[in-house]
Amino acid sequence: KAGVTQTPRYLIKTRGQQVTLSCSPISGHRSVSWYQQTPGQGLQFLFEYFSETQRNKGNFPGRFSGRQFSNSRSEMNVSTLELGDSALYLCASSQGLAGEVWHFGPGTRLTVT
Amino acid sequence: GQQVMQIPQYQHVQEGEDFTTYCNSSTTLSNIQWYKQRPGGHPVFLIQLVKSGEVKKQKRLTFQFGEAKKNSSLHITATQTTDVGTYFCAGSMSGGTSYGKLTFGQGTILTVHP
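Everything quoted here is computed from the prediction, not taken from an experiment.

Reading guide: rules and limits
Residues numbered from 1 in each chain as written. Chains lettered and ligands numbered in written order. Predicted model: local features only at pLDDT ≥ 70, side-chain atom pairs only at ≥ 80, totals over all residues. Heavy atoms only, no water. Helix = DSSP H or I, 4+ residues; strand = E, 2+ residues; numbered from the N terminus. Buried < 20%, exposed > 50% of the residue type's maximum accessible area, 1.4 Å probe, protein only. Contact = heavy atoms within 4.5 Å. Buried area = accessible area lost by both parts, 1.4 Å probe. Salt bridge = Lys/Arg side-chain N within 4 Å of Asp/Glu carboxyl O. Polar contact = N/O pair within 3.5 Å; in protein donor to acceptor, adjacent residues only side chain to side chain. Nonpolar A, V, L, I, M, F, W, Y, C, P; charged D, E, K, R; others polar. 1 Å grid on protein atoms, 1.4 Å probe; cavity = no way out; pocket = protein on both sides within 12 Å on 5 of 7 lines; lining within 4 Å. Points joined across faces, edges and corners; volume = space filled by probe spheres on them.

## Considerations on the environment of Gln14(B)
All names here are of chain B.
Argument step 1. The topology assignment puts glutamine 14 in strand S2 (residues 10-14).
Argument step 2. A relative accessible area of 40% means that glutamine 14 is categorised as partly exposed.
Argument step 3. Beyond its immediate sequence surroundings of up to four residues, glutamine 14 is in contact with Thr79, Val112, His113 and Pro114.

## With respect to the interface of chain A and chain B
Argument step 1. Every contact between the two is made by 21 residues of chain A and, on the other side, 19 residues of chain B.
Argument step 2. Interface area, chain A with chain B, both sides summed: about 1,600 Å², of which 56% is carbon and sulfur.
Argument step 3. Here chain A is connected to chain B by 0 salt bridges.
Argument step 4. Seen at the junction of chain A and chain B, the total is 4 residue pairs in polar contact (both at pLDDT 80 or more).
Argument step 5. Of all elements in the fold, only strand S4 (31-38), strand S5 (42-50), strand S6 (53-57) and strand S9 (87-94) of chain A reach the threshold of two or more residues within the side of chain A that touches chain B.
Argument step 6. If you tally residues by element for the side of chain A that touches chain B, the top one is S5(A), at 4 residues.
Argument step 7. When grouped by side-chain class, the residues that make up the side of chain A that touches chain B number 10 nonpolar, 8 polar and 3 charged.

## Considering the layout of surface pockets
Gaps left between atoms are located by rolling a probe of water-molecule size over the structure's atoms.
Argument step 1. As a volume, the largest pocket reaches approximately 620 Å³.
Argument step 2. Lining the largest pocket are 25 residues, and of these Gln44(A), Gln2(B), Gln3(B), Lys101(B) and Thr103(B) lie nearest its centre.
Argument step 3. Per element, the largest residue contribution to the lining of the largest pocket is 3 residues, and it comes from S5(A).
Argument step 4. Residues belonging to the lining of the largest pocket are distributed by class as follows: 8 nonpolar, 15 polar and 2 charged.
Argument step 5. Volume-wise, the second largest pocket comes out at about 460 Å³.
Argument step 6. Forming the boundary of the second largest pocket are 21 residues, of which Gln37(A), Pro39(A), Thr86(B), Phe88(B) and Ile109(B) lie nearest the centre.
Argument step 7. Going through the elements one at a time, S4 of chain A together with strand S9 (85-92) and strand S11 (108-113) of chain B are the ones with two or more residues in the lining of the second largest pocket.

Encoded structure:
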């Protein structure tokens, strides 16, 4: 099976702009989670989607949003970008059952200037 | 909220030496997962521990889950240069508000000198 894929892999944006990141889960996986990874804060949970419904959300401002489509693909959006949003954004997928293993994609490296 | 502390933050070893990283959770976990992230890469799943007191081995790697399901450790015997990377533990809790959420430790960066 192909792994989790994320596009784009690298992105440079300017403060105030918005950005949309995309994630395609492993075939058959219905759940997608998003994480932000920075050197200072480590890996922080953003949100999780299952069957197009957000089931869980981390402690991030409303500028961070996401959605999931009927084919389980997911997007996350960050509006009004700030310098502190520069990070590696990781998507992970699983079948959606409690206690399951999560498989991570390669991430999107976002730089905000 | 739930916190997972991981130590040490850095570990430098000579090739052939052993390495251990430890995780402690502020709350009882449903399970704990371990990941390895190579420099410039993404977290790659290593193993999941579910049962109290569980011990699992993968070649030179030994993983343990504490009796209280609040702590865990990863031990590497006779490190090799291919072991270089950051090792993360990630705790999962049961319950509806925990879906999809892994709480990661800060990671231990392992450097192996040949």
